[in-house]
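So the chains spell out like this:
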Amino acid sequence: MKKILIVFLLLITLTGCQEVTTTLSGVSDSYPATIRGRVMTDSGDMITAGIIITYENGDMERVNTNMLSGYTLKLYTGSYTLTFERGYEYQTKTISIDVENYKTYVIDDVRLTQLYDGPSKGMYLGDLHQHTLNSDGKQEVDEVLMSNINRGLYFGYLSDHNSAAGLPEWVQGNRFVAGYDVFGNAINFLALRAVEITTDYGHFQSIGVGNVFEQADINSLKGDDPVTEITDMVRETIRSGALAQINHPFAVSVLGFNYWEIIDEFDTIEIWNGLYQTNRNENLEAKLKWFDIINGYIVGENKFLPATGGSDNHNIEGTYNSAYKDTSTAEGLYKDQYLRRGVYTGMPATCVLIDGAFTEENIMNALKNGNSFITNGPMIEAKIGSSSYGETYHLVGASSIVIDLDVFSRDQIETINIYKNGVIVKTISIEDDSMYYSNQVQIEGLSDNDWIVIEVLGVETLYAITNPIFIKN
Ligand SMILES: [Zn+2]
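Everything numeric in this text was worked out from a predicted model, so none of it was measured.

Conventions used here
Residues numbered from 1 in each chain as written. Predicted model: local features only at pLDDT ≥ 70, side-chain atom pairs only at ≥ 80, totals over all residues. Heavy atoms only, no water. Donors = N, O, S within 2.8 Å, 3.2 Å for Na, K, Ca; no water. Buried < 20%, exposed > 50% of the residue type's maximum accessible area, 1.4 Å probe, protein only. Pairing = 2+ DSSP bridges. Helix = DSSP H or I, 4+ residues; strand = E, 2+ residues; numbered from the N terminus. Axes fitted to C-alpha atoms, helices over the stretch in contact; angles between N-to-C directions. Polar contact = N/O pair within 3.5 Å; in protein donor to acceptor, adjacent residues only side chain to side chain. Contact = heavy atoms within 4.5 Å. Patch = residues over 30% accessible without salt bridge, like charges linked within 9 Å, V, L, I, M, F, W, Y side chains within 5 Å. Areas by Shrake-Rupley, 256 points an atom, 1.4 Å probe, with all protein chains shown as cover. Salt bridge = Lys/Arg side-chain N within 4 Å of Asp/Glu carboxyl O. Lys, Arg positive; Asp, Glu negative; His and termini not counted. Charge placed at Lys NZ, Arg CZ, Asp CG, Glu CD.

S.K.: Honestly, the coordination of the zinc ion in this entry has me stumped. Any pointers?
M.R.: Working reference: metal with six octahedral donors, ideal angles 90 or 180 degrees; metal with four tetrahedral donors, ideal angle 109.5 degrees. Distances from the zinc ion to its protein donors, Glu196 (OE), His203 (ND1) and His248 (NE2), fall at 2.0 to 2.3 Å. In terms of primary sequence, the donors binding the zinc ion are separated according to E-x6-H-x44-H. Each of the two residues, glutamate 196 as well as histidine 203, counts as buried.

S.K.: For this particular structure, what's the right way to read the sheet that holds strand 23 (residues 401-408)?
M.R.: The strands making up a sheet associate through backbone hydrogen bonding, with each pair oriented either parallel or antiparallel. Spatially, the 3 strands line up as an open sheet ordered 21-23-26, and their pairing is antiparallel. The open sheet has two free edges, formed respectively by strand 21 (379-384) and strand 26 (436-443), since each of these has just one partner strand. Each neighbouring strand pair of the sheet contributes to a mean axis angle of 15°, computed without reference to strand direction. Where strand 23 meets strand 26, 8 bridges bridge the pair, whose relative direction is antiparallel. Bridged to valine 402 within strand 26 is glutamine 442.

S.K.: Would you mind showing me how to read the side chain of threonine 132 here?
M.R.: Along the polypeptide, threonine 132 turns up in the loop between strand 10 (123-127) and helix 1 (141-150). The class of threonine 132 is buried, set by a relative accessible area of 0%. Polar side-chain contacts of threonine 132 include one of 2.7 Å to the side chain of aspartate 160. With residues up to four places along the chain from it excluded, the contact list for threonine 132 reads Gly137, Gln139, Glu140, Val141, Val144, Leu158 and Asp160.

S.K.: How should I be thinking about a negative patch on the surface in this particular structure?
M.R.: On the surface, Glu140, Asp142, Glu143, Glu169 and Glu317 cluster together to form a negatively charged patch. Checked against the element boundaries, glutamate 317 lands in the loop between strand 18 (307-310) and helix 5 (330-341). By relative accessible area, which is 33% here, glutamate 317 ends up partly exposed.

Laid out in structure tokens, this is it:
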């Protein structure tokens, strides 16, 4: 697969070269250069997007176009790389520019081609977990909202810690357009409500309703029993019409989850939270625990616990400071790659599969039924017969299956793993450099109550993992 990276080199002749001291923090005694432009689709419609500014020393930060798709950057004398991006379905474009204080530069329109059309396949990317200034996030509600749209997401849940204060403003985001369907009709962004019920005994997401509980202040010194308190809040959350989720179960200290005996109370589990993909660190532990849980699940008999992912984003700027990098270990190198790829909205996103209208109710159903996968780039379409994620395929006497597999990824994917019951049974190495991978994968030796999960790994930290497709006789 080829990384679409169209590089324009703007050669700007510096006249009357003047020496100006510029520091990283942008402190200077001079007036910075003004860089202006706008972002469009290849058909000429203006679209909002993100702009990743890379400084000469390798530091990076992400800014957004304004709501009208234009941008004005103020940068001090120096060389910069500007990468324009709109999430996983669009190509990115990179511009190198040398600027000089006091001058104004007008950049040619940047056109981003949409390479993949999720909505035409009923696939909608969204972020389930993010914070604003209403709790410990760094930005206002409207800024976080726009970063969702600029990251190519179609829906987003705002989930501040024990606060619904930002939600009335957040849901106004429903008036914004996230994209267009194949007929040219606007797809409105769905700005949906959540609260992260934050206790000293774990964090739980109320997805769909802004439930705030005084009870969240669990204090065992005062005789509170965490299991009772959590069970009460989770049941009340579900009674209110929300989904109850365990967040980052293996996060360190009081952030993690320790009451697996009440696992059946929950609707979903966040196996990919922010900084690491599910084959690393605490997210790996969450994935393996989730595999165990799924191995105890029997279709039609007990409760299925689907997986989700959320960025848990607290800062839409995704600032990368090269001074802190430590690439002396494999873990340090991985973290550096992850930070450079960006820690912001939609990293990762949960992609729901919807058969029908794009509504809040259908998103909730898709999350609850596991009709979804989690990704920081690759888009996975997989079916066994007519059954996809969260659905059941019947063997009717056979013992082998064929998975119709289509993967799109703008950046290079390298490996596809097929898991049966939590164990890899087939690994496919991708040599092809196309952005589209298509195959019919045969798996033998299937029997009643097996389940299949697909995982895609790509360059650096590129990753995606699906919910299970269940196998019955
Ligand atoms: Zn949390």
